[in-house]
Amino acid sequence: MHWSEEIAERIIKNNPDKEEYVCAAGVSPSGSVHIGNFRDLATPLFVVKALEKKGKKARLLISWDEFDRCRKIPANVQALVGDSYDKYIGCPYVDIPDPWGCHESYAAHFEEEFLKGIEPFGIKLDCRYQAQMYRSGKYTKDIIESLQKRGEIFEILDSFKTKDTSMSEEELKVQHDEEKANYYPVSIFCPECGTDFTKITSLSEDCTEAEYECKCGHKGHFNFLENFNCKLGWKVDWAMRWRYEQVDFEPGGKDHAAPTGSYNNSKIISKKIFNHEAPLFQGYEFIGIKGVAGKMSSSSGLNMTPDTLLKLYQPEIILWLYSRTEPTKAFDFCFDDGILRQYFEFDKMYNEYINGTANEHTASIMYNCVIEDRKLETVPMALLVQLGSVVNFNVPMLETVFEKIGTPYKEADFCDRLDRAKFWLEQCSPESVNRLRRGRNWEVYNALDENAKKEITLLHEFLSTDGYTLDELNSELYAIPKKVFGEALSDKELKGVQGEFFKNVYKLLIDRERGPRLYLFLYAINKEDYLGLLDFSYPATEAELAPEIAETEEPVKKERVYGAPDPVEPVKEQIDIDLFSQIDLRVCKIVKAAEIRKSHSCLKLTLDDGIGERVIVSSIKGEYTTDELVGKKIIVVANLKPARFAGVTSNGMLLAGTNNACGCKVVFVDDSVPTGTQIK
């Protein structure tokens, strides 16, 4: 049974005869609504679907908390307006002007951004705009009731606070009584400055009128029966809305689910103050972002909104990631090659579901992911990335390629994924682009032994013929090393020489040691575009002997002259395993490399360490260009104390071998080792 169905059963058990169940979530338009907040929406969405699956009527209620006070100005807004919006701190978001000037308010801007972003998901929402609810007087009775019971509310909230152990019991009591006397569960927004920096100084006996003063100097009289520009404190407001909307279920982040968190505060307020049973609650883990790299760095200003993720993920796959993971467990959206594995896993489950072969568990997950009036074609994302980069994402050429390899996908089949494949490759993993060389790679070829050269000759001869099938090409690729090295090789030896052969072919064609599946690559791409790169039967041309000019026009690295090897130093004093284990060595991926102004030797490396981004400084500028480093995996001492070099704080140190015979050479790690792996 899916986790949402288990929650649905508990909801029905709590109130079996209810005509319509309400599953709620709150969204604050304090800025762009992050994809992590989408779990606040996805969780009740799946519960609504589970209730409907059980024949019950249910709706998804979304409260826009636009009447919340502004606590700080987000970085992207501050970058636009500078410090000019600091004056709005303390104002409700609905009263702040839109920084971009395209909506009636700050709140409306981010509300529409989110609502437009989730349109592709086909989610039906019942929206409540809290500024409208408060200012229309709908909560007036609830506000007055809260004021009448303000002493009881204070005692509930105070019971969750940690007491100051440095104070005596008598001092604590004096402090408690003073705070209780001055506590009011409602804040009034000042009509002069618009903020809630107000303080109620007196309250009428029936709790309908109050005197107040504001930090700006304004003093006034407030009639709660006539004036509605006020708001209950968060924990009281939450409990009040549960009763008003008759909410049956609402999720919240794990911070709200903590023993002293908001839910447990509001749960008691709901019962004791409003005489209403709190809804069923589900705490959830937060969402991670893995492998933000290449051009999609934090400095680019991209917000991790649903709209941003839809540039990479189809909406069904986003829903699938939330559906397959229990709320109490975390998962990652992947900007590295993990996204290709996610597409593969989704496609497998989706096809099983559509074909009717899925087991109960898979079917329950996929039930939440199918969007009305949309049918997916599960064209392999990895194949689109691999082949798309070679044909520069030219649609007719891709159609030809797919036809040639026996999977005759047409544009209508892969168009929904094609732009996403291109976006991922160019923005997140530019180092993975596969492009054919312009000329033969004599440097690589001349470094091969005679057997390896013979393999290349045999491959060129075979490819020069016509009429072979895809299977015949695949068989020949594995047969060529056998022909050269003989049949006497063991399975292990044969596998080794075959792997080396494939590696040599990739280097000669695309300057990389690995790439798309070789037999698909050679069969799909126009043979005339690459056949000449494998033909070394005639001498090098003048153009080939000249160094290839990189598209980035980075300066060519100067060759260094090295000397004799340093003397081998004696082994240092022995240490035990406990001491060694204190050193946190882990695999990190270089996502950005940049020169440091006025530094002759240092580079600033931005790394993905499997948890997030970290910056280190390394004096390897004379050994590597920035392009040589991006995308490579290295070993870093992750728990080294930060230090400043060339004006930049370095959070770790990479491992390298330093010797007079070679200079400083970084220890690179095989690309198959996952980022974040510890070296033990």
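How each quantity is defined
Residues numbered from 1 in each chain as written. Predicted model: local features only at pLDDT ≥ 70, side-chain atom pairs only at ≥ 80, totals over all residues. Heavy atoms only, no water. Helix = DSSP H or I, 4+ residues; strand = E, 2+ residues; numbered from the N terminus. Buried < 20%, exposed > 50% of the residue type's maximum accessible area, 1.4 Å probe, protein only. Contact = heavy atoms within 4.5 Å. Areas by Shrake-Rupley, 256 points an atom, 1.4 Å probe, with all protein chains shown as cover. Lys, Arg positive; Asp, Glu negative; His and termini not counted. Charge placed at Lys NZ, Arg CZ, Asp CG, Glu CD. Phe/Tyr/Trp six-rings, centres within 6.5 Å; stacked < 30°, edge-to-face > 60°. Lys NZ or Arg CZ within 6 Å of the ring centre and 35° of its normal. Polar contact = N/O pair within 3.5 Å; in protein donor to acceptor, adjacent residues only side chain to side chain. Pairing = 2+ DSSP bridges. Axes fitted to C-alpha atoms, helices over the stretch in contact; angles between N-to-C directions. Patch = residues over 30% accessible without salt bridge, like charges linked within 9 Å, V, L, I, M, F, W, Y side chains within 5 Å. Salt bridge = Lys/Arg side-chain N within 4 Å of Asp/Glu carboxyl O. 1 Å grid on protein atoms, 1.4 Å probe; cavity = no way out; pocket = protein on both sides within 12 Å on 5 of 7 lines; lining within 4 Å. Points joined across faces, edges and corners; volume = space filled by probe spheres on them. Nonpolar A, V, L, I, M, F, W, Y, C, P; charged D, E, K, R; others polar.

## Focus on the overall build of the chain
- In terms of regular secondary structure, the chain is built from 27 helices and 22 strands.
- With the C-alpha coordinates of the chain rotated into their principal frame, the extents come out at 100 × 65 × 55 Å.
- For the chain, the residues scored as buried account for 47% of the 680 residues in total.
- Contacts spanning at least 24 positions in sequence make up 70% of the contacts within the chain whose residues lie at least 6 apart.
- Accessible surface, the chain: about 35000 Å² in total, of which carbon and sulfur atoms supply 50%.
- Averaged over its 85 positive side-chain charges, the chain has a centre that lies 2 Å from the centre of its 109 negative ones.

## What about the environment of glycine 515?
- Residue placement: glycine 515 occurs in the loop between helix 22 (491-510) and helix 23 (518-524).
- Measuring from C-alpha to C-alpha, the distance between glycine 515 and isoleucine 269 comes to 61 Å, with 246 residues separating the pair along the chain.

## Points about the packing of aromatic side chains
- Using the criterion set out here, one finds 39 aromatic pairs in the structure.
- Ring geometry for tryptophan 238 and tryptophan 242: centres 4.8 Å apart, planes at 50°, overall tilted. Placement of the pair is tryptophan 238 and tryptophan 242 together in helix 9 (residues 234-245), with a separation of four residues, close to one helical turn.
- Taken together, Phe38, Phe121, Tyr313, Tyr322, Phe331, Phe333 and Tyr343 form an aromatic cluster joined through their ring pairs.
- Here the guanidinium or amino end of lysine 53 rests over the ring plane of tyrosine 367, the centre of that ring lying 4.4 Å away.
- Here the basic side chain of lysine 215 rests over the ring of phenylalanine 197, its NZ or CZ set 4.9 Å away from the ring centre.

## Let's talk about the environment of arginine 437
- By secondary structure assignment, the location of arginine 437 is in the loop between helix 18 (411-428) and helix 19 (442-446).
- Judged by its relative accessible area of 14%, arginine 437 falls in the buried class.
- Measuring from C-alpha to C-alpha, the distance between arginine 437 and isoleucine 510 comes to 5.5 Å, with 73 residues separating the pair along the chain.
- A distance of 2.8 Å separates a polar side-chain atom of arginine 437 from the backbone oxygen of glycine 439.

## Quick notes on helix 13 (residues 315-324)
- For helix 13, the tally of buried residues reaches nine of ten residues, placing the bulk of the element in the interior.
- Three or more residues of helix 13 are buried, namely Pro315, Glu316, Ile317, Ile318, Leu319, Trp320, Leu321, Tyr322 and Ser323.

## Description of the environment of asparagine 434
- Position of asparagine 434 among the secondary structure elements: in the loop between helix 18 and helix 19.
- Taking C-alpha positions, asparagine 434 is 55 Å from lysine 235, a pair spaced 199 residues apart along the chain.
- Contacts of asparagine 434, omitting those with residues within four sequence positions, involve Gln386, Ser389, Val390, Ile510, Arg512, Gly515 and Pro516.

## Concerning the sheet that holds strand 6 (residues 209-214)
- The strand order across the open sheet formed by three strands is 5-6-7, and the pairing between neighbours is antiparallel. Strands with a single pairing partner mark the edges of an open sheet, and in this sheet they are strand 5 (198-203) and strand 7 (219-223). Across the sheet, the axes of successive neighbouring strands diverge by a mean angle of 30°, strand direction being ignored.
- Two elements, strand 5 and strand 6, share five bridges in a ladder whose sense is antiparallel. Considered in strand 6, the bridge of lysine 199 is made with glutamate 213.

## Here we look at a negative patch on the surface
- A grouping of Glu205, Asp206, Glu209, Glu211 and Glu226 is seen on the molecular surface, where their side chains present a negatively charged patch.
- Within the secondary structure, glutamate 211 sits in strand 6.

## Re the pattern of salt bridges
- All told, the structure shown has 38 salt bridges when counted by the stated rule.
- With its nearest N and O atoms 3.9 Å apart, the salt bridge here joins lysine 53 to glutamate 5. Of this pair, lysine 53 sits in helix 2 (residues 38-53) while glutamate 5 is found in helix 1 (residues 3-14), placing the two residues 48 residues apart along the sequence.
- A salt bridge links glutamate 500 to lysine 503, with the shortest nitrogen-to-oxygen separation between them at 3.9 Å. Of this pair, glutamate 500 and lysine 503 both sit in helix 22, three residues apart, roughly one helical turn.
- Residue classification places glutamate 500 among the partly exposed positions, given a relative accessible area of 39%.
- A relative accessible area of 26% places lysine 503 in the partly exposed class.

## Looking at unusual backbone geometry
- You will see that glutamine 246, though not glycine, has its phi angle at about 55°, which is positive.
- By the element assignment, glutamine 246 lies in the loop between helix 9 and strand 9 (249-253).
- Of note, aspartate 511 is a non-glycine position whose phi angle comes to about 60°, a positive value.
- Aspartate 511 gets classed as partly exposed once you look at its relative accessible area, which sits at 41%.

## Some words on empty space enclosed by the protein
- Across all of its chains, the model carries three cavities of 30 Å³ or more by this definition.
- Estimated volume of the largest cavity: approximately 40 Å³.
- In terms of lining, the largest cavity is formed by Tyr134, Thr140, Ile143, Phe224, Asn227, Phe228 and Cys230.
- Of the residues contributing to the lining of the largest cavity, the split by class is five nonpolar, two polar and no charged.

Distances and angles like these do not, on their own, reveal function.
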